[in-house]
Amino acid sequence: MAGTKYQYVKKFELPDPLLPGMFMLFRLDGHSFHRFSDEHTFTKPNDLAALELMDYSAQSLMEEYPDIVMGFGESDEYSFLLRKSTSLYNRRQSKIVSTLTSYFTSCYVLNWPKYFPDKPLKYPPSFDGRIVLYPGEREVKDYFAWRQADTHINNLYNTTFWALVQQGGETTTQAHATLKGTFSKDKHEILFSRFSMNYNTIDPRYRKGSVLVRTEPDKKKSKPRTKVDLLHCDIIQDDFWTERKILED
């Protein structure tokens, strides 16, 4: 209640505004999702329904918050780029992180039955979030290049690992030992020579991750609104950025 003698406690709240003129990158990760995926018997190495649920939750978040101009997801992780000039919640870090994380989590739980109609949730999933500020366009591009490169590295390892286990009859311990010290070319060779699998023909969703971008609205409509499109494309090369105006305020 305002004006009471207890109001002094508000003085202990610390302001946490984020620096202006910086690109704001919000990233969330599934908390203890190794256990969560095991408990809910996700398909290995990739569970399509689980990835689609992550994509849907991310699209819902971007539709709710127009200041998010791009998203990139892999596995149980999603990164979102906000407009450089955004004044969302007066750029208060705790407010932005807590609200975006909770909204994404709510969308994930709410839409779980749509993607897993025969798998009721055994316990609530949770996600943690953080914000990193980047000074320029080069750092933003390199950040997303880092995440997509990580997607490729992880998926190549997991695809080879589970091929050894599911098709090659190895135990998980043996599969880890087989892959120890191998390079990308070695994993490609294992997949092709032992399992007749060409890694480069695997669904780009798994190899490249999910990219969310906004499409310009139809200006003929009375209330034009951007559409959030889902892509599975290369974002490391400059072509992706030159074709779009993602970094322009």
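Conventions and cut-offs
- Residues numbered from 1 in each chain as written.
- Predicted model: local features only at pLDDT ≥ 70, side-chain atom pairs only at ≥ 80, totals over all residues.
- Heavy atoms only, no water.
- Salt bridge = Lys/Arg side-chain N within 4 Å of Asp/Glu carboxyl O.
- Buried < 20%, exposed > 50% of the residue type's maximum accessible area, 1.4 Å probe, protein only.
- Axes fitted to C-alpha atoms, helices over the stretch in contact; angles between N-to-C directions.
- Helix = DSSP H or I, 4+ residues; strand = E, 2+ residues; numbered from the N terminus.
- Left-handed = near helix turned anticlockwise from the far one by under 90°.
- Contact = heavy atoms within 4.5 Å.
- Nonpolar A, V, L, I, M, F, W, Y, C, P; charged D, E, K, R; others polar.

Asker: Would you take a moment to explain the pattern of salt bridges for this structure?
Answerer: Proximity of charged atoms lets side chains of opposite charge pair with each other. In the structure shown here, the tally under the stated rule is 15 salt bridges. Here D128 and R130 are joined by a salt bridge, their closest N and O atoms 3.0 Å apart. For the salt bridge of E243 with R244, the shortest nitrogen-to-oxygen distance reads 3.6 Å. Residue classification places R244 among the partly exposed positions, given a relative accessible area of 27%. One continuous salt-bridge network, built from bridges that share partners, spans R27, D29, D128 and R130.

Asker: I'm lost on the packing of helix 4 (residues 137-166) against helix 6 (residues 184-195) in this one. Help?
Answerer: If you want to describe how two helices pack, look at the angle between their axes and the distance between the axes. Packing of helix 4 against helix 6 leaves a shortest axis separation of 10 Å and a crossing angle of 35°. When you trace helix 4 past helix 6, the crossing you get is left-handed. For the pair helix 4 and helix 6, the contacting residues are H152, L156, Y157, T159, T160, A163 and L164 in the first and S184, K187, H188, I190, L191, R194 and F195 in the second. Looking at the contact of helix 4 with helix 6 residue by residue, the class counts come to seven nonpolar, five polar and two charged.

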